[in-house]
Amino acid sequence: MSTSKRERLRQERIRQAQKEKRRRRLVIVSVCLVVLVAAVATILVQMNRTKATSYAGDLAPVSVQEDGSVVMARSGTTKPVLDVYEDFQCPICKEFERINGAQIKQFAAEGKIKVVYHPIAFVNPQGSLRAAAAARCVPGDSWTAFHDELFARQPDERVALTVDDLKKFADQAGITDSAVLSCMGSQKHAAQVQQYTQAAFSSGVQGTPTLLLDGRKLPDDQVLTSSGLRGALENATK
């Protein structure tokens, strides 16, 4: 083979190698762009799904039951039933309330669902118990305001809520009845809260927040996203 022919072949191999290198670069850049676009889309969708809901209308009537559960429902609304197990010192419960608390109130106010709240105590041994026991002292017409105040002013879960904290929150919620405040101070219902919490765990509740819709446990993507919970509730009310 002549020198000139060998040189032409060498140059052709160089051109082919450079062409392949450019092709690989283009593929890598394209893949990176696809991944980036997918990541941005996922973030935007998730931000939309987890944004807080809002509701400014009237609330459905609230009644505190003898066992310590709290029912929010219009008269005559018996199903579907949404059971909400929560701990007032649970940070994920606070996030759940931020995302879906208003939406639940709206569905109940519109007579679409019956909501049953179950305050239990396990996140902070002292603070969770004190808060749940204090909530049992509050009558139905003030319970929702106190409930919301507890989550709005929730401290780090490692910092136990004190009786003084709870009385301050009651004041912020417009609760001034001396009998209610005395009940909070004496922790009258602490033993019942402990029993109720144990019964909840025995029934299969493993943590908070736990939501049951007509007895079926809702997955996290429905509990902690506004669109997820709305979809579940709308399907149950068709």
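Below or above, wherever it landed, is the structure these notes cover. (Residues numbered from 1 in each chain as written. Predicted model: local features only at pLDDT ≥ 70, side-chain atom pairs only at ≥ 80, totals over all residues. Heavy atoms only, no water.)

As for the environment of K167
Topologically, K167 is positioned in helix α5 (residues 163-172). C-alpha of K167 to C-alpha of A134: the two residues are 33 residues apart in sequence and 8.7 Å apart in space. (Helix = DSSP H or I, 4+ residues; strand = E, 2+ residues; numbered from the N terminus.)

Remarks on the nonpolar core
Membership of the largest hydrophobic core comes to 41 residues, with the highest contact counts inside it found for L82 and F146. The dominant element in this core, judged by the number of residues it contributes, is helix α2 (residues 91-109), at 5 residues. Setting aside residues up to four positions removed in sequence, L82 forms contacts with I104, I113, K114, V115, V116, L211, L212, L213, L218 and L233. (Core = buried A, V, L, I, M, F, W, Y, C linked by side-chain atoms within 4.5 Å. Buried < 20%, exposed > 50% of the residue type's maximum accessible area, 1.4 Å probe, protein only. Contact = heavy atoms within 4.5 Å.)

A closer look at the packing of aromatic side chains
Taken as a whole and judged by the stated rule, the model has 3 aromatic pairs. For the pair F88 and F151, a centre-to-centre distance of 5.3 Å together with 55° between the ring planes defines the contact as tilted. Linking F88 in the loop between β3 (81-86) and α2 with F151 in helix α4 (residues 140-152), this pair joins segments that are 63 residues apart in sequence. Judged by its relative accessible area of 1%, F88 is buried. Over the ring of F107 we find K112, and its NZ or CZ is 5.2 Å from the ring centre. Note that R136 overlies the ring of Y196, its terminal NZ or CZ placed 5.3 Å from the centroid. (Phe/Tyr/Trp six-rings, centres within 6.5 Å; stacked < 30°, edge-to-face > 60°. Lys NZ or Arg CZ within 6 Å of the ring centre and 35° of its normal.)

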